[in-house]
Protein chains: 2
Amino acid sequence: MKKIFFTPGPTELYPEVKNYIGQALDEHVCSINHRSNEFVEIYKFTVDNLKKLLSIPSANHVFFLSSATECMDRIIQNTVIEKSFHYVNGAFAERFYKTAVELGKKANKVETIYGEGFDFMNIEIQNDPELICITQNETSTGVAINPENIYCLKKSFPDSIIAVDIVTSSPYVNLDYDKIDCAFFSVQKGFGLPAGLGVLIINEQCMKKAFYLKSKNINIGCFHNFISLYENAVKHQTSETPNVLGIYLLGKVCEQLNKYGIDKVRNETEDKADMLYNFFEAHQHFKPFVKDIAVRSKTIINIEVGERQGEVKKMLSDEGILVGSGYGMLKDTQIRIANFPMHQLKDVKSITEILK
Amino acid sequence: MKKIFFTPGPTELYPEVKNYIGQALDEHVCSINHRSNEFVEIYKFTVDNLKKLLSIPSANHVFFLSSATECMDRIIQNTVIEKSFHYVNGAFAERFYKTAVELGKKANKVETIYGEGFDFMNIEIQNDPELICITQNETSTGVAINPENIYCLKKSFPDSIIAVDIVTSSPYVNLDYDKIDCAFFSVQKGFGLPAGLGVLIINEQCMKKAFYLKSKNINIGCFHNFISLYENAVKHQTSETPNVLGIYLLGKVCEQLNKYGIDKVRNETEDKADMLYNFFEAHQHFKPFVKDIAVRSKTIINIEVGERQGEVKKMLSDEGILVGSGYGMLKDTQIRIANFPMHQLKDVKSITEILK
């Protein structure tokens with residue numbers, strides 16, 4: 001039976017990925033030298049297509065790391081001497097916070113109840129943090145933050161670096177990269193690719209901070225510090241032999257999405273999300289976890305199913321549809337349905353029909 | 001025309017890799033959850049087959065990182081408070097040394113002239129280093145160190161951690177993992193796989209040191225510190241979503257080599273190396289760079305071709321055979337021929353026939 005992964009990531013691959021891998025093998029992408037012109041061309045192709053897709057300003061830098069988890073690590077290491085501040089509304093925001101703590105920073109946080117957004121107007125950020133971290137789309141709870149709130153934050157704290165986790169919202173989320181400093185995602189979510197590649201997008205303010213830390217002899221790490229990443233990125237290369245296949249495939253998927261049209265992708269994402277939320281709003285037993293419509297994620301849809309979770313997952317998997325469990329303390333009573341660009345409306349419809 | 005990559009890595013893939021990738025896609029390896037039983041099974045399969053292949057004691061830990069470069073970084077971070085010592089005989093040993101310097105350690109080194117081995121009996125290591133780093137097979141120069149010299153080092157410095165770079169010698173090199181503390185490689189060399197996975201093998205002494213550093217509040221990094229890696233590894237998992245496909249493929253290649261027989265692989269490697277060295281020893285114009293037969297690498301074969309480098313590379317590439325240039329300051333006057341398990345004797349023979 002055909003399986004379709006509606007899991008939050010790793011998730012379903014784009015159907016075209018198999019062919020792209022075949023092309024990569026035919027073109028010896030996995031054998032070429034990572035300092036060769038062939039690699040430089042692949043690197044440029046991927047960055048150009050990604051920048052086009054997400055409207056990333058040309059002045060921003062795109063770095064390839066190994067995971068979003070590594071991105072958190074490197075951001076803290078390269079931009080914080082002492083103080084960071086974290087908006088925590090779930091397990092992944094908490095991880096960003098804990099990364100700062102483990103790296104010995106004075107990290108402060110504001111927390112919400114899981115499933116709720118933030119009351120941005122009434123949160124006071126004290127002590128002028130050097131870095132403010134915000135999980136735009138919290139994969140554990142299915143809460144999404146309106147980018148406008150993030151832009152306001154940048155306005156209020158122009159000297160702080162604003163880092164935005166878009167792991168499960170990209171490429172759907174339409175961010176204005178001129179109004180934040182740094183964003184990151186990994187490719188096994190909305191980009192429908194094999195895991196093993198994290199993408200970090202930063203502006204000049206982040207680079208300046210890294211150079212400042214370096215000048216003060218603060219440990220910013222080694223091969224993946226921003227300076228090393230930058231020095232290689234301007235040559236369209238990486239510090240180490242990277243996941244060349246991953247970079248190649250990301251370029252191909254971005255090219256494909258550019259051809260299809262990002263607006264169309266975004267509209268379709270909203271249509272599918274509406275279909276799911278409307279269905280579960282009207283459902284007798286299963287309800288959306290996030291009550292406030294304004295903060296409901298379009299890409300990670302958490303549904304409360306209570307003690308019937310096993311039954312629900314089985315009903316779906318019997319038809320070849322795999323969804324995620326809840327995360328952390330929500331593990332046994334929720335399902336999570338990912339709604340990424342490769343997920344088809346007809347298959348979303350099937351979910352509603354199976355659970356009617 | 002068919003191309004064969006005799007480059008030091010990334011290099012030729014095993015011909016079976018294409019099928020393994022096909023299997024992985026059929027089995028949804030790139031879509032499964034990295035906390036699932038399916039992933040645990042893949043992880044166990046790979047570690048079991050790797051341990052069998054390289055005779056790694058069951059008490060040792062195998063960690064999956066993103067590159068050998070990252071391995072250097074994490075080893076320094078997790079085992080050194082103050083002092084490391086480095087045997088430097090080429091660019092990659094120098095990189096290990098520089099990693100320690102960049103991470104703020106007091107790093108000492110002994111250097112040889114490129115292309116020569118070390119006079120182990122007459123090198124005095126002072127100041128009791130916490131970590132001694134040795135590049136067993138130096139990819140830039142084609143110099144290999146006899147493992148017996150490394151075991152002697154461990155005997156003389158039982159309290160120091162001995163870290164061995166086997167990036168381009170594994171799986172050929174037959175190391176006794178009970179006589180060293182730590183070794184690492186990446187998969188795009190002798191394991192003939194797409195780049196994007198580093199493998200770090202450590203013993204209990206390394207773990208104890210990491211716990212000690214942690215207890216002293218020394219920064220050992222975050223998601224990829226040894227403690228986090230260990231805590232996940234015992235559950236057959238990783239700290240972050242890893243390169244699942246890479247881990248799967250490594251297991252498949254190890255299984256294949258186990259079936260074929262590692263002794264056979266090692267004998268064939270020596271036969272092919274002998275063929276190349278004998279040919280170039282007798283050549284009128286082109287000579288092996290490493291003069292001392294005792295330290296000639298069997299897997300990375302550097303040949304001095306002087307100003308005819310372009311011509312030599314072209315003669316080979318016209319027949320579909322791609323070799324590497326020299327490295328660093330040897331870039332324009334040498335070629336490097338990799339001799340890994342996937343490289344066939346008949347193709348090695350072709351090299352000698354083309355350059356006759």
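For clarity, every value in this text was computed on a predicted model and none was experimentally measured. (Residues numbered from 1 in each chain as written. Chains lettered and ligands numbered in written order. Predicted model: local features only at pLDDT ≥ 70, side-chain atom pairs only at ≥ 80, totals over all residues.)

Focus: the overall build of chain A
Across its full length, chain A holds 11 helices and 14 strands. Per-residue burial over chain A gives 53% buried out of 356 residues. For chain A, long-range pairs separated by at least 24 residues make up 70% of all intrachain contacts whose partners lie at least 6 apart in sequence. (Helix = DSSP H or I, 4+ residues; strand = E, 2+ residues; numbered from the N terminus. Buried ≥ 20, exposed ≤ 12 C-beta atoms within 10 Å, placed from the backbone. Contact = placed C-beta atoms within 7 Å.)

Re the relation of the copies chain B and chain A
It takes a turn of 180° to lay chain B on chain A, together with a shift of 0.0 Å along the axis; the resulting RMSD is 0.0 Å. The transformation relating the two chain copies, once decomposed into turn and shift, fits a two-fold axis. It is Ser66 of chain B whose C-alpha, among those of chain B, lies nearest the rotation axis, at 3.1 Å. Interface residue correspondence from chain B to chain A reaches 100%, placing this contact among same-surface, isologous pairings. (Least-squares fit on C-alpha atoms with pLDDT ≥ 70 in both.)

A short note on the sheet that holds strand 14 (residues 334-338) of chain A
Residues and elements named next belong to chain A. Strand order in this open sheet of 5 strands is 1-13-14-12-11, and the pairing throughout is mixed. The open sheet has two free edges, formed respectively by strand 1 (4-6) and strand 11 (287-288), since each of these has just one partner strand. Sheet topology note: the strand 1/strand 13 (residues 321-325) ladder contains 3 bridges and is parallel. In the sheet register, Ile4 faces strand 13, and the bridge partner there is Ile321. Contacts between helix 10 (residues 309-317) and the sheet are confined to strand 13 and strand 14, with strand 13 contributing the most and set at about 155° to the helix. (Pairing = 2+ DSSP bridges. Axes fitted to C-alpha atoms, helices over the stretch in contact; angles between N-to-C directions.)

A look at the interface of chain B and chain A
Across the contact, 41 residues belong to chain B and 41 residues belong to chain A. Elements represented by at least two residues in the side of chain B that touches chain A include exactly helix 1 (17-26), helix 3 (68-79), helix 4 (91-102) and helix 8 (244-260) of chain B. In terms of residue class, the side of chain B that touches chain A is built from 15 nonpolar, 19 polar and 7 charged. (Nonpolar A, V, L, I, M, F, W, Y, C, P; charged D, E, K, R; others polar.)

Here's the deal with the nonpolar core
Core analysis: the biggest nonpolar cluster contains 206 residues, and Val164, Cys182 and Leu250 of chain A together with Val164, Cys182 and Leu250 of chain B have the highest contact counts within it. Here Cys182 of chain B is in contact with Ile75, Ile161, Ala163, Val164, Ile201, Ile202, Asn203 and Cys206 of chain B, once residues within four sequence places are set aside. (Core = buried A, V, L, I, M, F, W, Y, C linked by C-beta atoms within 7 Å.)

Let's talk about the sheet that holds strand 8 (residues 161-165) of chain B
All names here are of chain B. Taken in spatial order, the 7 strands of this open sheet run 2-10-9-8-5-3-4, and their pairing is mixed. Each having just a single partner strand, strand 2 (61-65) and strand 4 (106-111) make up the two edges of the open sheet. Strand-to-strand twist across the sheet, computed as the mean angle between neighbouring axes with direction ignored, equals 20°. Relative to strand 10 (residues 198-202), strand 2 runs antiparallel, the two sharing 5 bridges.

Section: helix 1 of chain B
Among all positions of helix 1 of chain B, only Val17, Tyr20 and Ile21 of chain B are buried. Buried residues of helix 1 of chain B, viewed axially, fall in a sector of 100°; they line one side. Along helix 1 of chain B, exposed side chains directed more than 90 degrees from the buried face belong to Asn19 and Asp26 of chain B. On its buried side, helix 1 of chain B packs onto helix 1 (17-26) of chain A together with helix 8 of chain B. (Arc of directions from axis to C-beta.)

Focus: the domain arrangement of chain A
Residues and elements named next belong to chain A. Segmentation of chain A into domains returns domain 1 (4-12 + 261-354) and domain 2 (17-258). In this structure, domain 1 and domain 2 have C-alpha centres spaced 26 Å apart. On the domain 2 side, the residues contacting the 28 residues of domain 1 number 25 residues. Contributing elements (two or more residues each) for the side of domain 1 that touches domain 2: helix 9 (262-281) and strand 12 (300-304). Of the residues forming the side of domain 1 that touches domain 2, the biggest block, 4 residues, is contributed by helix 9. In terms of residue class, the side of domain 1 that touches domain 2 is built from 15 nonpolar, 7 polar and 6 charged. (Domains from an automatic or database assignment.)

Some remarks on the packing of helix 6 (residues 204-215) of chain B against helix 7 (residues 226-233) of chain B
Residues and elements named next belong to chain B. Put simply, helix 6 and helix 7 touch, their axes get as near as 9 Å, and they point 125° apart. Taken together, helix 6 and helix 7 sit at an angle that is classed as oblique. Contacts between helix 6 and helix 7 involve Cys206, Met207, Ala210, Phe211 and Lys214 from the former and Phe226, Ile227 and Tyr230 from the latter. (Parallel < 35°, antiparallel > 145°, perpendicular 65-115°, else oblique.)

A few points about the environment of Tyr172 of chain B
Residue and element names in this part refer to chain B. Within the secondary structure layout, Tyr172 lies in the loop between strand 8 and strand 9 (182-186). In the structure, Tyr172 is positioned 127 residues away from Thr299 in sequence and 7.8 Å away in space, judged by C-alpha atoms. Not counting residues up to four positions away in its chain, the partners in contact with Tyr172 are Gly190, Arg266, Thr269, Lys298 and Thr299.

Things to note about the environment of Cys254 of chain A
Residue and element names in this part refer to chain A. Note on placement: Cys254 falls in helix 8 (residues 244-260). C-beta crowding within 10 Å serves as the criterion here: with 23 such atoms nearby, Cys254 is assigned to the buried category. Residues Cys254 and Val265, spaced 11 residues apart in sequence, show a C-alpha to C-alpha distance of 12 Å. With sequence-adjacent residues up to four places away left out, Cys254 is seen in contact with Thr46, Asn49, Leu50 and Leu53.

Notes on the pairing of strand 13 (residues 321-325) of chain B
Bridge count between strand 13 of chain B and strand 14 (residues 334-338) of chain B: 2 bridges; the pairing is antiparallel. Within strand 14 of chain B, the position partnered with Ser325 of chain B by the bridge is Ile335 of chain B.

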